[in-house]
Amino acid sequence: SLGVIRDAVAMVQEGGRELDESLWQPEDDPATRAMVAKGETMGCFYIESPATRLLQKKAKRGDYEHMVIHSSIIRPAANPYIQEYLKRLHGQPWEPIHPLLADILAESYGIMVYQEHVSQAAVALAGFTHARADKLRKVMNWKDKERALKDYREDFAAGARRMGVGEAKIGEIWEMMMSFSGYSFCKPHSASYARVSFQAAYLKAHHPAEFMAAVISNQGGFYSTFAYVSEARRLGLTVLPPDVNAGRIVWNGRGREIRTGLMAVKGLGRETMARIVARREAGPYASLEDFCLRAAPEEDEARALIEAGALDGLADGRDRGERSGRAGLFWRLAAHRRRR
């Protein structure tokens, strides 16, 4: 994801547009916040999954503070609390789960969101030492945690009783704490993730061609290349085919267009891609024959380039139509091989 941001910023700057990263505050950008609030974040680090985008749509919040909450609350065991969070977010009255936790959970609408909330609750409600409370937080992420948690549960209940907490409330609070088992975030982790998410979202909002090209080139993310290409088209971008004279190894975005990278041509070797780009620095390839002599692709690689449309620009004027043009290119390739 950092590679996506790096490459997108580089493409923006190569295109002659200014983007000073030292002055970059994407969290304050209105267009970015509006896009995040709508859940239109496919391709953006950590906030592109269907579950997170749905949470964003339902929450209708695009500010940094809520994104920090969402980055941590979106965990499998927390789904019932996500529904309650959304109700409270949109104005449903609520009371703290216990007065002793009112201040601790005030910023998250009375719901435990961060790992720290587990240890803070154990200290405030059951009299745990900070060291033991932090050990409880860590135990929840162990694979074999059931035996250890039994002891913690008993100590937590005993301590809470001494604080005057009733049995039903002890069980309710413990159940909320158990929603952190498996995996969860501490607040600094969630905050740093949200920072990267906003950087990605800003690039998508203002430089969609460069951003989507970088997403596809880095071959990561939640979705397939086809899905990201479809998203680019949904954004109104034109996706151009690979081209031995105009394309790069990676995908490249500029303005409202994305040029497919040579890396997308199935069967084309990495060394051949590098030769194609390097040897055209002496001048564009003038013909199929010129390309074969200078770039020296294997026959199956040349055929793959023809099938992908990367050599369409080298078709003769008499057979420029896509079907007849590529048929003519295959014929000329075979003739060139025979002559050699």
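Relevant structure appears above.
The following refers to the structure shown. Since the structure is predicted, the reported quantities are computational estimates derived from the model, not experimental observations.

This part is about the overall build of the protein chain. Summing up its helical and strand segments, the protein chain has 16 helices and three strands in all. Taking 340 residues into account, the globule formula puts the C-alpha radius of gyration at 20 Å, and the protein chain, at 28 Å, lies well above it. Taken along the three principal axes of its C-alpha coordinates, the protein chain extends 95 × 45 × 35 Å. For the protein chain, buried positions account for 49% of its 340 residues. For the protein chain, the accessible surface area stands at approximately 16700 Å², while carbon and sulfur atoms represent 52% of it.

A few words now on the sheet that holds strand E1 (residues 238–240). Strand order in the open sheet formed by three strands is E1-E3-E2, with mixed pairing between adjacent strands. Looking at strand neighbours, the two that pair on one side only are E1 and strand E2 (252–254), the edges of this open sheet. The mean angle between the axes of side-by-side strands here comes to 20°, regardless of whether they run parallel or antiparallel. Pairing of E1 with strand E3 (residues 257–259), which is carried by three bridges, proceeds in the parallel orientation. Note that in E3 the partner of Val239 across the bridge is Ile258.

Attention now goes to helix H9 (residues 167–178). Side chains of residues three or four places apart in an α-helix project in the same direction, reflecting 3.6 residues per turn. Relative to the 16 Å expected for 12 residues at 1.5 Å per residue, H9 spans 16 Å between its end C-alpha atoms, a close match to the ideal helical length. Among the residues of H9, those classed as buried are Ile170, Ile173, Trp174, Met176, Met177 and Met178. For H9, the secondary structure elements touched by its buried residues are helix H5 (79–89), helix H6 (115–126), helix H7 (130–139) and helix H8 (146–162).

Here we come to the packing of aromatic side chains. The full count for this structure, using the stated rule, is 14 aromatic pairs. Ring plane angle 75° and centroid distance 5.2 Å describe the contact between Phe185 and Tyr193, whose orientation is recorded as edge-to-face. On the accessibility criterion, Phe185 (9% relative accessible area) is buried. Accessibility expressed as a relative area gives 24% for Tyr193, which makes it partly exposed. The side chain of Arg75 reaches across the aromatic face of Phe180, ending 3.8 Å from its centre.

All buried positions along helix H12 (residues 225–234) are accounted for by Ala227, Tyr228, Val229, Glu231 and Ala232. Packed against the buried residues of H12 are helix H10 (187–206), helix H11 (208–218), E1 and E3.

Turning next to the packing of H7 against H8. A pair of packed helices can be characterised by two numbers: the angle between their axes and the separation between those axes. At a closest axis distance of 10 Å, the pairing of H7 and H8 adopts a crossing angle of 140°. As summarised for this structure, H7 and H8 are arranged oblique, according to the angle between their axes. Note on packing geometry: the crossing formed by H7 with H8 is left-handed. On H8, the residues touching Arg132, Lys135, Leu136 and Val139 of H7 are Ala148, Leu149, Asp151, Tyr152 and Asp155. Classifying every residue of the contact of H7 with H8 gives five nonpolar, no polar and four charged.

Now for the packing of H6 against H8. Orientation of H6 relative to H8, taken along the N-to-C sense of each, is 45°, at an axis distance of 8 Å. Relative to H8, the element H6 lies oblique. Between H6 and H8, the residues in contact are Ala121, Ala122, Leu125 and Ala126 and Phe156, Gly159, Ala160 and Arg162, respectively. Counted by class, the contact of H6 with H8 contains six nonpolar, one polar and one charged residues.

Turning to the environment of Ala227, a few remarks are in order. Following the sequence through the fold, Ala227 ends up in helix H12. Classification of Ala227 as buried rests on a relative accessible area of 18%.

Analysis parameters
- Residues numbered from 1 in each chain as written.
- Predicted model: local features only at pLDDT ≥ 70, side-chain atom pairs only at ≥ 80, totals over all residues.
- Heavy atoms only, no water.
- Helix = DSSP H or I, 4+ residues; strand = E, 2+ residues; numbered from the N terminus.
- Rg over C-alpha atoms; globule rule 2.2 N^0.38 Å.
- Buried < 20%, exposed > 50% of the residue type's maximum accessible area, 1.4 Å probe, protein only.
- Areas by Shrake-Rupley, 256 points an atom, 1.4 Å probe, with all protein chains shown as cover.
- Pairing = 2+ DSSP bridges.
- Axes fitted to C-alpha atoms, helices over the stretch in contact; angles between N-to-C directions.
- Expected span 1.5 Å × (residues − 1).
- Contact = heavy atoms within 4.5 Å.
- Phe/Tyr/Trp six-rings, centres within 6.5 Å; stacked < 30°, edge-to-face > 60°.
- Lys NZ or Arg CZ within 6 Å of the ring centre and 35° of its normal.
- Parallel < 35°, antiparallel > 145°, perpendicular 65-115°, else oblique.
- Left-handed = near helix turned anticlockwise from the far one by under 90°.
- Nonpolar A, V, L, I, M, F, W, Y, C, P; charged D, E, K, R; others polar.

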